[in-house]
Amino acid sequence: MRAGLRGRGVGTALLAVLAEGARAQAKVGFECSVLASDAHSLGYVERRGYEEIRRVDQWTLDLTGEVPRHDPPTGVEIGWLAERPDLMNAMYDVATETYPEFGGWIGRQADTIEDWIVYELGNPALPVELTSIAVAGDNQVAGFSTFIRLPDGRTASHRMVAVAHAWRGRGIARALVSAQLHEAKGAGYEQMVVWRRSAAPDRAFTRLGFERGHAWIVFQGPLP
């Protein structure tokens, strides 16, 4: 909310309306994200009994500059969903193995293949030609990576990188994202942003040239 309108009850009124709709759907609470540097909003949610459940860091990469390249390990090739739609079921197998690790609503998006397709591939802003797949041996999918195009047409927002347990620790995630970064740069994108929701170490991003940006704190609390 704009600073000049704070402290006048606007947020409380909006929250009351949202809570009424949530109760009608048998919900018992809200989850919300607050910019870590926004002391006013942090105080607002904390005074209402909201508790921190996780933190989310934003990382950015300028694609107009030099983009590091990381090749996949021997025996693995990077392909693209637009060229290999036959691998969609194998991608889903990776999703069922990895998405539950994220927990919450993301973890449930792989409950069925229909749920996963709608969540991960159904977004019209997702470029299938830039959705990378790590393919090993006889059409075995070791992992995949997705991003969506933001409204300005120049910024890409990284969405998911998933690597099967058996293939972890071999640099496949870096290779998947690196390939996407180079293709995105060639397609005219100028910036890639990514949000860290897991406990992935900072070096996972710094090795790819990303720089830390804003941080958000995710809260969960009761309906007012």
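The residue count restarts for each chain, going from 1 along the sequence in the order it is written. Since the coordinates come from a predicted model, pLDDT governs what is reported: local features require at least 70, and pairs of side-chain atoms require 80 or more to be given and counted, while whole-chain, interface and lining totals use all residues. Only hydrogens and water are set aside when side-chain values are computed; all heavy atoms of the structure are taken into account.

> Can you help me understand helix 2 (residues 39-47) in this one?
Side chains three or four residues apart in an α-helix point the same way, a direct result of the helix having 3.6 residues per turn. Every buried residue of helix 2 is accounted for by Ser41, Leu42, Gly43, Tyr44 and Val45. Of the surrounding elements, those touching the buried residues of helix 2 are helix 1 (10-24), strand 1 (29-35) and strand 8 (211-222). Each residue is placed in one exposure class: buried if its accessible area under a 1.4 Å probe, protein chains only, is under 20% of its type's maximum, exposed if it is over 50%, and partly exposed if it falls in between. In this text, helices come from DSSP runs of H or I with a minimum length of four residues, and strands from runs of E with a minimum of two, each type numbered from the N-terminal end. The contact criterion used throughout is that any non-hydrogen atoms of two residues lie within 4.5 Å.

> What exactly am I supposed to notice about helix 3 (residues 88-98) here?
Those residues of helix 3 lying buried are Met91, Tyr92, Val94, Ala95 and Thr98. Looking straight down helix 3, one finds its buried side chains confined to an arc of 155°; they lie on one side. It is the directions from the helix axis to the C-beta atoms whose arc is reported.

> I keep staring at the sheet that holds strand 3 (residues 76-80) and nothing clicks. Help me out?
By the convention used here, strands pair only if DSSP detects at least 2 bridges between them. As summarised here, the arrangement of the eight strands in space is 1-8-2-7-6-5-4-3, forming an open sheet in which the pairing is mixed. What marks the edges here is a single partner per strand, and that holds for strand 1 and strand 3. Put simply, the sheet's adjacent strands are angled 25° from each other on average, direction ignored. Direction of pairing for strand 2 (residues 51-62) relative to strand 7 (residues 191-196): antiparallel, over a ladder of six bridges. Within the sheet, the bridge partner assigned to Leu61 lies in strand 7 and is Met192. The angle between two axes is taken between their N-to-C directions and runs from 0 to 180 degrees, where each axis is a line fitted to C-alpha atoms and a helix contributes only its stretch in contact. Against the sheet, helix 2 contacts strand 1 and strand 8, and its axis sits at roughly 160° relative to strand 1.

> Explain the side chain of Ser178 to me, please; I cannot follow it from the model alone.
Tracing the chain through its elements places Ser178 in helix 6 (residues 172-186). By relative accessible area, which is 0% here, Ser178 ends up buried. Non-local contacts of Ser178, meaning those with residues more than four positions away in its chain, are made with Pro68, Arg69, His70 and Leu208.

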